[in-house]
Amino acid sequence: MSATGTQIPVARPLLGEWEIEAVRRVVQSGWITQGPEVAAFEAEFAAFVGAGHACAVSNCTTGLHLALKVVGVGPGDEVITVSHSFIATANAIRYCGAVPVFVDIEPEGFNIDPGLVAAAITPKTKAILCVHQLGMPCDLARIVALGRDHGIPVVEDAACASGSEILWDGRWERIGKPHADIACFSFHPRKLLTTGDGGMLTTNVAEFDAKLRLWRQHGMGVSDVVRHGSPRVIFESYPELGYNYRMTDLQAAIGRVQLARLPGLISERRRLADLYRDGLSQIDGVTAPAEKPWTRSNWQSYCITLPERLDQASIMQTLLDRGISTRRGVMNAHREAAYGEQGSHRVSGDLSRSIAAQEKSIILPLFAQMTEAQLAFVVESLQQACSASSTPASRLLSAS
Ligand SMILES: *Cc1c(COP(=O)(O)O)cnc(C)c1O
C-alpha cells in the first residue's frame, strides 16, 4: 500500500493560522524572550488546571530538575520512580546528584504500582516522582497519602497529561492542580499541547514558585523585564546558583493558542479512543488500554498490549508496510547503557512487568485529524497482522 512512505503517522501536532498569527504578534512587538506572553500563558495555564501558580520553563526535563531541587532533593538522596518511562524522568533525578530507585508498574496499564512504593522507602528517600504515563493518571490518591504518611514530597511527571482528569474527593479535576506538591508538563510536539519545546510547573506553594522563578532565570534577583520597564537604573544580583531554563515569548504565544484548543482536541481524541476500543475488542488476545473509573485520559498515546505469542517488531513492520506508522511502547531507563554504570540507579523488587510492557506493547496512530476510515484501516490491518503472524502458513498467504 505504501512503498512511497508513511500515510498514517503515529501522531501529528495541530498547528495552523492562529499559531502563525500569535507568533507574528510577538515578532512585531519586538520582545521575543520570556516576557508578557509567558506571563499570560502561565496565568491561563494555572486557571486551566486550577493551580495557584504556574511557572513556564524551557522543557519538562529542566522543569523536573527544578521541581526535584525545590522539594529538597540533593546529592546522595534517593527518589522513587519508575524505570518504565521516557528516560528524562530518571535523568532529572541524576541531575540533582540523586539516585533513581525504580519500582515496577501495575499489572494493568503502564503506571507505577503504588503497592510497591512503601518497600522502596529508605532513610535516604527524599521524593517520590510519579508519572502519568501516556496521559493516563496514575494512582495519585494512594501515592499522595503514602508520601504524607512518610513525610516525603511527591512530584508529578505530568509531561503527557495536559488536560487529563482525575476523580478527587468526588469531583473531576485536571491533572496539575496539583494533587501532589508540584506537577511538571511538557509541550514537546509528541504531547497534546505543543510550543515546539517547552514546559510548565504548577504548584500551590508560593515559596516553591518563587524559587522556581529565580532558578529558571540564572538565579537573577531582578528580571530583565523589570529592569527594562524601570524608570530608574537597577543593578541585578545573583543570590543563588541558577540556570537558563526559560521559555520564550514566541513559544508562549503558540502555547496560549494551543491551550485554548485543548479541550476540543481532547474530546475528539476521546471519541477516537472509544472507536479503537470497540474495534480492538474483535481482535483475539490484544489488550486495549483502559481507564480506571477515577481517570479520564487525554489519550496522548494509545498503547495496546500484544499477547505473548505475537512479535512486536514484526507486527509493527506489517503495519508500516501498509503505510501505518506505530511506535513501540514506553522504554525502560535501566536497560539503557546510560544506566549501566554502578550507582546510577537502584532497583527495588523486580521490574518484570516494566520489561514485558516495553516488549509487548505498541502505540497506535491517534491524532485529532484522524478520520474514522483511517482508524478502521488501522484496526483491520492490525487484525490481519495478528492472525497472519500466529501461523506460518497464513504468513505466507498474506505475503503473496
Ligand atoms: C516527554 C516526556 C518528558 C520530557 O519532556 P521534554 O519537554 O521533552 O523535556 C518527561 N517525562 C515523560 C513521561 C515524557 O513523556
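Residues numbered from 1 in each chain as written. Predicted model: local features only at pLDDT ≥ 70, side-chain atom pairs only at ≥ 80, totals over all residues. Heavy atoms only, no water.

So, the overall build of the protein chain
Test applied: Going along the chain from the N terminus, every DSSP run of H or I of four or more residues is numbered as a helix, and every run of E of two or more is numbered as a strand. Each radius of gyration reported is based on C-alpha atoms, and the globular scaling rule is 2.2 Å times the count of residues to the power 0.38. Buried means the residue's accessible area, taken with a 1.4 Å probe over protein chains only, is under 20% of the maximum for its type, while exposed means over 50%, and partly exposed covers the values in between. The contact rule is simple, with two residues in contact once any of their heavy atoms fall within 4.5 Å.
When helices and strands are tallied, the protein chain shows 13 helices and 14 strands. Computed over the C-alpha atoms, the radius of gyration of the protein chain is 22 Å, within 12% of the 21 Å expected from 2.2 N^0.38 for a compact globule of 400 residues. Dimensions of the protein chain, computed from C-alpha atoms along their principal axes, come out at roughly 80 × 55 × 45 Å. Each of the 400 residues in the protein chain was classed as buried or not, and the buried ones make up 55%. By sequence separation, contacts in the protein chain at least 24 residues apart represent 75% of the contacts at least 6 residues apart.

Some words on the UniProt feature "active site" (unreviewed entry) in the protein chain
This is how the line gets drawn: UniProt positions are given in the numbering used here, feature names are shortened, and annotations may be inferred rather than shown by experiment.
Following the UniProt record, one finds the feature "active site" (unreviewed entry) at Lys 191. Once you skip the residues sitting within four places of it in the chain, Lys 191 turns out to touch Ala 159, Cys 160, Ser 186 and Gln 300.

Remarks on the pairing of strand β8 (residues 182–186)
Note the cut-off: Two strands form a pair only when DSSP identifies at least two bridges running between them.
Burial runs high along β8: 5 of the 5 residues are buried. Alternating positions in β8 separate into two faces, Ile 182, Cys 184 and Ser 186 on one and Ala 183 and Phe 185 on the other, with burial throughout. With 3 bridges connecting them, strand β5 (residues 154–157) and β8 associate as parallel partners. Bridge pairing links Asp 157 to Cys 184 in β8. Direction of pairing for β8 relative to strand β9 (residues 199–203): antiparallel, over a ladder of 5 bridges. Note that in β9 the partner of Ser 186 across the bridge is Gly 199.

Quick look at helix α6 (residues 140–150)
Heads up, the condition is: By arc we mean the arc of the directions from the helix axis to the C-beta atoms, nothing more.
Among all positions of α6, only Leu 140, Ile 143, Val 144, Leu 146 and Gly 147 are buried. An end-on view of α6 places all buried positions within 160° of arc, on one side of the element. Across α6 from its buried face, at more than 90 degrees, point the exposed residues Arg 148 and Asp 149. Considering only its buried residues, α6 is in contact with α5 (117–120), β4 (125–131), β5 and β6 (165–168). Taken from the residues just after α6, Gly 151 is the one with a positive phi, measuring 65°.

Brief notes about the packing of helix α2 (residues 36–49) against helix α9 (residues 249–280)
Axis angle and axis distance: for two packed helices, these are the angle between their axes and the distance between the axes, and together they describe the pair. Worth spelling out the cut-off: Structural elements are reduced to axes, namely lines fitted to C-alpha atoms, with helices fitted over the stretch in contact, and the angle between N-to-C directions of any two is expressed from 0 to 180 degrees. Oblique is the label for any angle not covered by the other classes, which are roughly parallel (under 35 degrees), roughly antiparallel (over 145) and roughly perpendicular (65 to 115). Handedness of each helix crossing follows the sense of rotation of the near helix against the far helix: counterclockwise by less than a right angle gives left-handed, clockwise gives right-handed.
Running from N to C, α2 and α9 point in directions that differ by 25°, and their axes come no closer than 7 Å. The pairing of α2 with α9 is recorded here as roughly parallel in orientation. Here α2 and α9 pass one another in a crossing that is left-handed. Contacts between α2 and α9 involve Pro 36, Glu 37, Val 38, Ala 40, Phe 41, Glu 44, Phe 45 and Phe 48 from the former and Asp 249, Ala 252, Ala 253, Gly 255, Arg 256, Leu 259, Leu 262 and Pro 263 from the latter.

With respect to the UniProt feature "modified residue: N6-(pyridoxal phosphate)lysine" (unreviewed entry) in the protein chain
In the UniProt entry, the feature "modified residue: N6-(pyridoxal phosphate)lysine" (unreviewed entry) is given for Lys 191. By secondary structure assignment, the location of Lys 191 is in the loop between β8 and β9.

Things to note about the packing of helix α3 (residues 60–70) against helix α4 (residues 88–95)
Defined as follows: Asp, Glu, Lys and Arg are counted as charged, while Ala, Val, Leu, Ile, Met, Phe, Trp, Tyr, Cys and Pro are counted as nonpolar; the rest, among them Gly, fall into the polar class.
Running from N to C, α3 and α4 cross one another at 45°; their axes reach a closest spacing of 8 Å. With respect to each other, α3 and α4 are oriented oblique. The way α3 lies across α4 gives a crossing that is right-handed. Judged by residue contacts, Thr 61, Leu 64, His 65 and Leu 68 of α3 engage Ala 88, Thr 89, Ala 92, Ile 93 and Tyr 95 from α4. Residues that form the contact of α3 with α4 fall into these classes: 6 nonpolar, 3 polar and no charged.

With respect to the sheet that holds β6
Pairing is antiparallel across the open sheet formed by 3 strands, whose spatial order is β7-β6-β10. Strands with a single pairing partner mark the edges of an open sheet, and in this sheet they are β7 (171–174) and β10 (295–296). Summarising the sheet, β6 and β10 pair through 2 bridges and their orientation is antiparallel. Residue pairing in the sheet places Ile 166 in a bridge with Thr 295 of β10.

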